[in-house]
6 protein chains.
Amino acid sequence: MNRPDGRAVAALRPVKITRSVLMHPEGSCLIEMGNTHVLCTATVEETVPRWMREGKGGWVTAEYGMLPRSTNERIQRGRVGGRGMEIQRLIGRALRAITDTDALGERCITVDCDVLQADGGTRCASVTGGFVALVEAMDWLRRERNAFTRLPLRDLVAAVSVGVVQNQPVLDLCYAEDFEAQVDMNVVATGRGLLVEVQGTAEGFPFTRQRHEEMLDLAMSGVKELVGIQREVLGELV
Amino acid sequence: MNRPDGRAVAALRPVKITRSVLMHPEGSCLIEMGNTHVLCTATVEETVPRWMREGKGGWVTAEYGMLPRSTNERIQRGRVGGRGMEIQRLIGRALRAITDTDALGERCITVDCDVLQADGGTRCASVTGGFVALVEAMDWLRRERNAFTRLPLRDLVAAVSVGVVQNQPVLDLCYAEDFEAQVDMNVVATGRGLLVEVQGTAEGFPFTRQRHEEMLDLAMSGVKELVGIQREVLGELV
Amino acid sequence: MNRPDGRAVAALRPVKITRSVLMHPEGSCLIEMGNTHVLCTATVEETVPRWMREGKGGWVTAEYGMLPRSTNERIQRGRVGGRGMEIQRLIGRALRAITDTDALGERCITVDCDVLQADGGTRCASVTGGFVALVEAMDWLRRERNAFTRLPLRDLVAAVSVGVVQNQPVLDLCYAEDFEAQVDMNVVATGRGLLVEVQGTAEGFPFTRQRHEEMLDLAMSGVKELVGIQREVLGELV
Amino acid sequence: MNRPDGRAVAALRPVKITRSVLMHPEGSCLIEMGNTHVLCTATVEETVPRWMREGKGGWVTAEYGMLPRSTNERIQRGRVGGRGMEIQRLIGRALRAITDTDALGERCITVDCDVLQADGGTRCASVTGGFVALVEAMDWLRRERNAFTRLPLRDLVAAVSVGVVQNQPVLDLCYAEDFEAQVDMNVVATGRGLLVEVQGTAEGFPFTRQRHEEMLDLAMSGVKELVGIQREVLGELV
Amino acid sequence: MNRPDGRAVAALRPVKITRSVLMHPEGSCLIEMGNTHVLCTATVEETVPRWMREGKGGWVTAEYGMLPRSTNERIQRGRVGGRGMEIQRLIGRALRAITDTDALGERCITVDCDVLQADGGTRCASVTGGFVALVEAMDWLRRERNAFTRLPLRDLVAAVSVGVVQNQPVLDLCYAEDFEAQVDMNVVATGRGLLVEVQGTAEGFPFTRQRHEEMLDLAMSGVKELVGIQREVLGELV
Amino acid sequence: MNRPDGRAVAALRPVKITRSVLMHPEGSCLIEMGNTHVLCTATVEETVPRWMREGKGGWVTAEYGMLPRSTNERIQRGRVGGRGMEIQRLIGRALRAITDTDALGERCITVDCDVLQADGGTRCASVTGGFVALVEAMDWLRRERNAFTRLPLRDLVAAVSVGVVQNQPVLDLCYAEDFEAQVDMNVVATGRGLLVEVQGTAEGFPFTRQRHEEMLDLAMSGVKELVGIQREVLGELV
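Definitions and limits used
Residues numbered from 1 in each chain as written. Chains lettered and ligands numbered in written order. Predicted model: local features only at pLDDT ≥ 70, side-chain atom pairs only at ≥ 80, totals over all residues. Heavy atoms only, no water. Helix = DSSP H or I, 4+ residues; strand = E, 2+ residues; numbered from the N terminus. Rg over C-alpha atoms; globule rule 2.2 N^0.38 Å. Buried < 20%, exposed > 50% of the residue type's maximum accessible area, 1.4 Å probe, protein only. Areas by Shrake-Rupley, 256 points an atom, 1.4 Å probe, with all protein chains shown as cover. Lys, Arg positive; Asp, Glu negative; His and termini not counted. Charge placed at Lys NZ, Arg CZ, Asp CG, Glu CD. Pairing = 2+ DSSP bridges. Axes fitted to C-alpha atoms, helices over the stretch in contact; angles between N-to-C directions. Contact = heavy atoms within 4.5 Å. Core = buried A, V, L, I, M, F, W, Y, C linked by side-chain atoms within 4.5 Å. Buried area = accessible area lost by both parts, 1.4 Å probe. Salt bridge = Lys/Arg side-chain N within 4 Å of Asp/Glu carboxyl O. pLDDT = per-residue confidence, 0-100. Phe/Tyr/Trp six-rings, centres within 6.5 Å; stacked < 30°, edge-to-face > 60°. Least-squares fit on C-alpha atoms with pLDDT ≥ 70 in both. Polar contact = N/O pair within 3.5 Å; in protein donor to acceptor, adjacent residues only side chain to side chain. Expected span 1.5 Å × (residues − 1).

Asker: Whenever I open this one, the overall build of chain A confuses me. Can you help?
Answerer: The secondary structure content of chain A amounts to five helices and nine strands. Secondary structure elements of chain A, listed N to C terminal, follow the sequence β-β-β-β-α-α-β-α-β-β-α-β-β-α. Relative to the compact-globule value of 18 Å for 238 residues, chain A shows a C-alpha radius of gyration of 18 Å, a close match. Along the first, second and third principal axes, the C-alpha set of chain A runs to 55 × 40 × 35 Å. Taking all 238 residues of chain A together, 61% fall into the buried category. On chain A, roughly 9500 Å² of surface is accessible, and the fraction owed to carbon and sulfur atoms is 45%. Each charge class in chain A can be summarised by its mean position, and for the 28 positive and 32 negative side chains these summaries are 3 Å apart.

Shown next as structure tokens:
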């Protein structure tokens with residue numbers, strides 16, 4: 001099987017994470033997974049959402065957006081439709097899964113993931129890059145606010161897509177592959193290899209249990225590699 | 001382990017599906033899974049959404065709503081938030097997975113799932129009941145419109161939730177169980193045992209691969225039972 | 001004159017009110033007037049709207065909705081247009097007319113009327129059924145909260161439609177009659193026979209004063225009958 | 001009984017209707033009923049709303065607004081709430097009741113009623129003044145477009161409020177009276193004395209049938225007087 | 001060059017400002033500049049917007065609207081588009097430029113400018129008339145509330161449009177001139193001849209620096225004349 | 001006078017324009033003016049807005065947005081307030097001023113300006129960078145669509161801010177200067193030195209005519225320099 005960019009079925013696209021790319025946010029990075037580029041920022045607020053009861057620690061939430069020409073056809077500005085909501089809820093859950101919200105204290109960290117250029121896998125790139133921005137913001141709280149001595153983290157977290165293209169499970173689909181995939185799965189997992197989210201969808205091609213396992217295998221190897229890259233760019237912070 | 005209603009860990013709640021409960025829609029049913037009651041209707045329109053190209057067959061879509069007092073605290077009317085969008089997209093994908101949209105012809109069937117009373121598992125009940133309403137609407141098209149001689153169906157489809165409660169995987173969680181679950185998974189599968197959707201989420205408690213497999217096993221047995229009930233109420237239609 | 005269902009001009013459709021149909025709300029009923037079915041719930045909140053001054057007692061308000069396929073053509077979800085607002089304001093005024101809001105105390109009771117199936121007269125069924133849900137909620141406040149020893153009620157209230165069809169005043173119009181009516185009137189009145197609302201409308205056929213009186217006569221007899229049914233289902237509560 | 005402005009119980013406030021007050025609209029007038037001042041305009045469009053079937057004649061519709069400081073407390077701009085919708089629907093029905101929409105031809109006339117200053121009775125003033133603007137627009141169609149030789153009118157129409165204040169039925173309430181009224185009724189009737197709308201409301205004080213008749217009597221005399229004033233200002237047009 | 005109404009290039013249209021035209025607002029006027037008629041009101045509130053810090057004095061803000069038939073084609077009601085927002089921000093800045101907000105005290109004055117009839121120059125008429133309404137409201141605060149002994153004013157303010165029509169700079173354009181203008185400029189200036197806003201725009205015809213100076217000269221003479229009229233109608237208040 | 005970054009009063013910040021930074025849009029650039037970074041894209045559509053009459057050539061329009069953490073405090077996503085509308089209207093007018101819309105043909109080019117990082121002068125950077133993206137899109141139309149042989153351009157266009165800080169006119173204000181400026185002016189001008197927009201605003205400090213001229217002088221020199229940079233990066237295209 002030939003992938004559009006000649007990759008092996010189990011290979012990620014080239015991944016590059018650049019930290020601290022903006023002057024204003026408490027944490028930020030630009031993550032590039034092939035031609036998919038997402039700008040992730042983390043904002044610290046010294047309040048928690050109203051629905052949280054007092055004394056219940058902090059909160060991490062996420063928002064996701066696409067710039068109008070991040071895609072091939074221009075998207076209307078300012079609409080978060082069903083897909084966008086689904087994605088930003090996924091990112092938020094992923095980041096809370098590895099945050100010790102009690103230790104965070106009564107603060108809220110909002111991670112914004114804005115897609116500058118989309119070529120498949122934007123939600124996974126958002127989780128992986130969003131984690132880096134989150135850690136920077138936690139470090140900022142430690143350095144600038146003496147909020148804690150140890151970052152309120154329980155693990156690292158990253159995400160990757162897998163899919164079945166021409167009856168072959170492949171890792172980290174670009175848009176052209178995603179478009180013709182029979183099954184599409186997004187997996188969020190931690191540095192220790194625990195699962196946080198498994199979202200497999202097969203609108204036109206219901207799939208067997210065995211196929212499900214093969215896809216999960218591929219995904220776990222991809223997440224492992226991504227966590228390695230996170231460790232490199234974050235250095236002693238994690 | 002004691003479940004609130006004394007069920008075995010692998011037991012469904014009492015399921016009851018009543019067909020043709022309303023005078024106006026082309027298909028309808030009331031599905032009761034324990035105290036969760038969802039009114040499902042199917043509406044036939046002789047057009048397809050604008051974004052579909054001509055000659056590309058039909059479409060099935062779904063909408064999901066909760067009546068203001070379907071839950072313990074009153075919900076504000078008329079808002080479809082992120083959760084609601086996520087759910088109605090899931091229902092739509094599930095129903096399209098078993099529909100032969102080419103054979104359906106250039107029509108759209110909209111399945112509305114309105115929760116009259118919620119006690120956990122409303123999205124799964126919506127898929128299972130939505131399928132029954134959809135089949136009734138297809139039958140209406142055959143009888144009243146001579147649209148086709150064979151219903152444009154490829155398989156049956158149903159959904160069930162599984163979760164980990166007190167470190168024990170259990171099937172078909174009621175709200176009290178869902179509330180304290182460490183992992184929450186919704187599985188949509190077909191009458192032939194193929195997977196359509198696997199959505200596992202563990203905000204606070206990332207889980208092992210093995211746990212994932214146990215949960216999938218439970219879910220597959222639950223779907224099998226639900227498909228049996230669908231066959232009973234639909235009789236010769238499927 | 002022949003009515004579609006063979007009724008006499010002064011006859012109501014078969015009326016059935018089923019109490020306590022849902023597990024969550026403080027009060028609820030399902031009212032069926034022929035093929036018109038409305039689910040009414042009453043929600044107690046221990047606050048009053050902001051615009052009410054302190055020490056001024058409680059409030060009763062209403063909301064009205066139609067499920068997407070309660071009618072012959074599917075209605076778009078989540079829109080309360082001009083007609084819906086008009087109706088829910090009418091229901092609210094009717095219920096406040098018989099509530100002793102001072103004795104209710106600083107609480108708000110919200111009555112939701114959701115039309116499951118529409119065949120004319122939904123606003124009147126909502127008033128009549130909404131009253132039953134309201135009384136249940138007041139009874140809940142007495143039993144569960146010791147809010148008062150006597151229900152804060154001044155009277156019973158019910159509503160009915162009358163219209164002129166083929167130059168003949170008729171009671172309790174079904175949709176087919178409503179559609180061709182020359183004049184349409186909704187009357188809300190109390191158990192003691194006092195008027196709360198008279199809303200007569202004749203877009204295409206302005207009518208004489210005498211016709212107005214005939215219609216009011218019919219309506220008063222209809223309300224009397226409905227109040228009798230309310231007394232039966234509510235028993236000692238009223 | 002003493003009314004705030006010393007009027008007899010059956011007396012209207014001073015009424016003044018000034019025609020053709022604006023340069024752009026096809027019809028316009030300023031109606032003053034005491035301190036209530038409403039600017040009414042009529043706009044002709046050579047299309048009908050989409051939901052009207054072809055060959056079914058024309059349409060008359062109305063919109064109602066209040067300028068931010070038409071009232072004692074500033075109103076937020078641009079919101080048409082439940083009350084506003086109710087009012088503009090009433091005005092539209094009233095004007096259609098006397099329009100021969102078949103003879104109007106496939107056009108839509110929109111009557112805008114904007115309250116410059118409010119002192120009670122704005123909806124009734126809008127009907128009475130809106131009729132004058134409508135007739136001017138019909139005359140414009142005849143003169144400028146040769147749309148017809150006879151105005152497509154079946155009758156004149158006007159509206160007035162009545163209420164029960166201190167147990168006394170009174171005509172044409174100003175705001176101070178409206179505020180303390182026990183019953184509030186708006187009556188729309190035609191030049192020939194036929195009823196178009198009767199809207200009586202008694203939130204706190206349900207009323208007897210006899211009171212209802214007394215109020216209707218007062219209202220009919222008020223409408224008669226208003227129609228006389230319309231005849232004067234419209235001259236040969238009606 | 002012939003102007004549509006025969007005016008000299010440097011002549012204003014007939015200007016008329018009528019004070020205190022409404023019973024409810026603390027300040028009001030009707031300004032007529034030829035066929036452009038704007039109703040201006042000023043509302044006093046004893047609070048300041050939330051974003052203002054305490055002890056920082058008061059605020060003046062403005063809103064701008066057009067009645068549906070103030071123009072030749074009916075405008076949809078209730079929408080403040082980009083143009084409207086631009087205009088109301090301009091009016092607000094102009095009025096704050098001459099208000100001593102410290103001396104005003106912790107209050108907010110909202111100036112509403114509603115265009116009854118539009119024939120070009122509505123934003124400038126709104127500034128000029130809005131100033132008169134603002135001064136009335138300040139005077140009301142002094143007389144009725146003893147808020148201060150001297151009005152918190154630093155200067156007078158008025159605005160006028162200039163444009164280049166057929167290569168000729170002209171003052172105070174009516175709509176027909178505005179429509180064909182090559183350059184359009186609005187100038188806000190004070191009674192002492194200081195500039196507050198200069199907004200020159202040339203979509204199709206970029207213009208020279210010299211043209212810019214000629215237009216400013218014309219505008220300054222127009223503002224001077226308008227300030228003279230304001231002084232007349234406000235008498236001893238300014 | 002000392003500027004925060006040590007610049008001379010008449011000096012621009014370091015300007016860098018990087019062309020073709022994204023894979024999807026027909027034209028794009030990243031413009032950096034000091035710490036202000038704006039991503040500009042140009043999208044070609046082969047239709048014109050509905051309100052344009054046929055045979056009337058093409059259209060250029062602009063939209064402006066800020067990413068949530070482009071500023072020091074996080075901005076809520078997806079709202080275009082009054083300021084944003086004002087800015088995008090300005091950008092659109094500026095770009096149309098130098099476009100030969102007849103020669104462009106019946107197409108629409110939409111220029112999106114998204115602020116990645118804000119430090120004052122974002123609207124001016126948007127005009128200057130938007131022009132570069134627009135020229136790239138025109139070049140794409142020539143190369144890929146043979147739409148014309150000569151780009152439909154009449155001139156180049158750029159924009160710069162000037163202000164009065166501590167009584168001293170200065171060029172190209174950063175945010176800290178903008179915040180304390182007494183007067184704020186944005187000037188859009190063409191490569192040939194003609195004015196397109198002059199927008200001077202002095203909320204708190206009305207200014208003399210002479211000050212106005214000094215600011216315009218500064219601005220014209222700044223635009224000249226920016227146009228030089230545009231010529232460099234666009235090379236033979238202009």
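Here the narrative resumes.
Asker: Please explain the sheet that holds strand 8 (residues 183–190) of chain A as it appears in this structure.
Answerer: Two orientations exist for strands paired in a sheet by backbone hydrogen bonds: parallel and antiparallel. Strand order in the open sheet made by the eight strands is 7(A)-6(A)-8(A)-9(A)-9(B)-8(B)-6(B)-7(B), with antiparallel pairing throughout. Among the strands making up the open sheet, the edge pair consists of strand 7 (168–171) of chain A together with strand 7 (168–171) of chain B. Within the sheet, the average angular offset between the axes of one strand and its neighbour, ignoring direction, is 15°. Two elements, strand 6 (residues 157–165) of chain B and strand 7 of chain B, share four bridges in a ladder whose sense is antiparallel. Residue pairing for strand 7 of chain B: G163 of chain B is matched across the bridge by V170 of chain B. Against the sheet, helix 3 (residues 122–145) of chain A touches strand 6 (157–165) and strand 8 of chain A, its axis set at about 165° to strand 6 of chain A. Set on the sheet, helix 3 (residues 122–145) of chain B makes contact with strand 6, strand 8 (183–190) and strand 9 (195–201) of chain B; between it and strand 6 of chain B the angle comes to about 165°.

Asker: Would you mind showing me how to read the nonpolar core here?
Answerer: Across soluble globular proteins, nonpolar side chains have a tendency to be buried as a group. Counting 139 residues, the largest nonpolar core has I109 and F131 of chain A together with I109 and F131 of chain B as its most contacted members. Aside from chain neighbours lying at most four places away, what touches F131 of chain A is L95, I98, L153, D155, L156, V157, Q230, L234 and V238 of chain A. Ranked by size, the runner-up nonpolar core spans 137 residues in total, among them V135 and L218 of chain E together with I31 and A137 of chain F.

Asker: Help me understand the sheet that holds strand 8 (residues 183–190) of chain E, please; the structure alone is not making it clear to me.
Answerer: Spatial ordering of the open sheet is given by 7(E)-6(E)-8(E)-9(E)-9(F)-8(F)-6(F)-7(F), a layout of eight strands whose pairing is antiparallel. Across the chains shown, the open sheet's two edge strands, defined by having one partner strand only, are strand 7 (168–171) of chain E together with strand 7 (168–171) of chain F. Taking the axes of each pair of neighbouring strands and ignoring which way they run, one obtains an average angle of 15° across the sheet. Both strand 8 of chain E and strand 9 (residues 195–201) of chain E contribute to a ladder of six bridges, which runs antiparallel. Residue A189 of chain E lies in a different strand from strand 9 of chain E, and its bridge partner there is L195 of chain E. Against the sheet, helix 3 (residues 122–145) of chain E engages strand 6 (157–165) and strand 8 of chain E, with an angle of about 165° to strand 6 of chain E. Contacting strand 9 of chain E together with strand 6 (157–165), strand 7, strand 8 (183–190) and strand 9 (195–201) of chain F, helix 5 (residues 209–234) of chain F runs over the sheet at an angle of about 140° to strand 6 of chain F.

Asker: For this particular structure, what's the right way to read the arrangement of the chains?
Answerer: Nowhere do chain A and chain C come into contact; their C-alpha atoms are at least 16 Å apart. A gap remains between chain C and chain F, with no contact made and the closest C-alpha atoms lying 22 Å from each other.

Asker: Is there a simple way to think about the interface of chain F and chain A in this case?
Answerer: Listed by partner, the interface residues are 30 residues for chain F and 30 residues for chain A. Of the roughly 2400 Å² buried between chain F and chain A on both sides combined, carbon and sulfur atoms contribute 51%. Area buried by chain F at its contact with chain A is led by H24, R69 and R77 of chain F, which between them contribute 31% of it. Counting every contact that joins chain F to chain A gives 12 salt bridges.

Asker: Help me understand the pattern of salt bridges, please; the structure alone is not making it clear to me.
Answerer: Pairing is possible between side chains that carry opposite charge, provided their charged atoms lie close to one another. In the structure shown here, the tally under the stated rule is 144 salt bridges over all chains. In this structure, the salt-bridge partner of E213 of chain B is R209 of chain A, at a minimum N-O distance of 3.1 Å. Of this pair, E213 of chain B sits in helix 5 (residues 209–234) while R209 of chain A is found in helix 5 (residues 209–234), placing the two residues in two different chains. With relative accessibility at 17%, the residue E213 of chain B sits in the buried group.

Asker: Help me understand the confidence of the model for chain A in this model?
Answerer: A low pLDDT means the predicted coordinates there should not be read in detail. Chain-level statistics for chain A give a pLDDT mean of 95 and a share of 99% at 70 or above. Interface predicted TM-score (ipTM) for the complex: 0.95; the corresponding pTM is 0.91.

Asker: Please clarify how the packing of aromatic side chains should be interpreted in this entry.
Answerer: Two aromatic rings are characterised by how far apart their centres lie and by the angle between their planes. All names here are of chain C. As enumerated under the stated definition, the model contains six aromatic pairs over all chains in all. Aromatic pair Y175 and F179: ring centres 6.0 Å apart, planes at 45°, arrangement tilted. Linking Y175 with F179, this pair stays in helix 4 (residues 175–180), spanning four residues, or about one helical turn. Judged by relative accessible area, which is 65%, F179 ranks as exposed.

Asker: Would you mind going over the relation of the copies chain C and chain D with me for this structure?
Answerer: Think of it as a corkscrew move, a rotation about one axis and a shift along it, taking one chain copy to the other. When chain C is fitted to chain D, the residual RMSD is 0.0 Å, and the transformation amounts to a turn of 180° plus an axial shift of 0.0 Å. Taken together, the rotation and translation relating the two chain copies correspond to the operation of a two-fold axis. Measuring from the rotation axis to each C-alpha of chain C, the shortest distance belongs to Q199 of chain C, at 2.3 Å. Of all interface residues in chain C, 100% are interface residues in chain D too; the two copies therefore contact each other through one and the same surface.

Asker: Is there a simple way to think about the interface of chain C and chain D in this case?
Answerer: A common measure of how large an interface is: the accessible area buried when the components associate. Every contact between the two is made by 32 residues of chain C and, on the other side, 32 residues of chain D. Between chain C and chain D, roughly 2900 Å² of surface is buried when both sides are summed, and carbon and sulfur atoms account for 49% of that area. One can count six salt bridges joining chain C with chain D. A salt bridge links D217 of chain C to R209 of chain D, with the nearest nitrogen and oxygen atoms 2.8 Å apart.

Asker: Even after reading the chapter, I still don't get the side chain of T201 of chain D, so can you show me in this structure?
Answerer: Residue position: T201 of chain D is located in strand 9 (residues 195–201). At 3.0 Å, the side chain of T201 of chain D and the side chain of E197 of chain C are in polar contact. Look past the residues within four positions of T201 of chain D in its chain and what remains in contact with it is R93, V196 and E197 of chain C together with Q182, V183 and D184 of chain D.

Asker: When you look at the relation of the copies chain F and chain A in this model, what are you seeing that I'm missing?
Answerer: In screw terms, the move from chain F to chain A is a rotation of 180° and a rise of 0.0 Å along the axis, fitting with an RMSD of 0.0 Å. When you check the interface residues of chain F against chain A, 100% turn up at the interface there too, and the contact is symmetric in its surfaces.

Asker: Quick question: what am I supposed to make of the environment of D112 of chain A here?
Answerer: Tracing the chain through its elements places D112 of chain A in strand 5 (residues 108–117). On a C-alpha basis, the gap between D112 of chain A and E144 of chain A in space is 21 Å, while along the polypeptide they are 32 residues apart. Beyond its immediate stretch of four places on either side in the chain, D112 of chain A contacts L39, C40, T41, T43 and E63 of chain A together with P68, R74 and R77 of chain F. At a separation of 2.6 Å, a polar atom in the side chain of D112 of chain A contacts the side chain of R77 of chain F.

Asker: Hey, could you run me through the side chain of Q199 of chain A in this one?
Answerer: Position of Q199 of chain A among the secondary structure elements: in strand 9 (residues 195–201). For Q199 of chain A, the side chain forms a polar contact with the side chain of E197 of chain A, separated by 3.2 Å. Setting aside chain neighbours within four positions, we find Q199 of chain A in contact with L90, R93, D184, M185 and N186 of chain A together with V198 and Q199 of chain B.

Asker: Would you explain helix 5 (residues 209–234) of chain E in this entry?
Answerer: It helps to recall that an α-helix has 3.6 residues per turn; residues three or four apart then point in one direction. Compared with an ideal rise of 1.5 Å per residue, which puts 26 residues at 38 Å, helix 5 of chain E spans 37 Å between its outermost C-alpha atoms and is within 8% of the ideal. Where helix 5 of chain E terminates, the next one or two residues include G235 of chain E, which has phi positive at roughly 55°.

Asker: Just to check I follow, could you spell out the environment of C113 of chain A for this structure?
Answerer: Here C113 of chain A lies in strand 5. Taking the C-alpha atoms as reference points, C113 of chain A and E63 of chain A, separated by 50 residues in sequence, lie 6.2 Å from one another. Excluding its chain neighbours within four sequence positions, the residues that come into contact with C113 of chain A are V38, L39, C40, E63, Y64, G65, I91 and S126 of chain A together with R77 of chain F.

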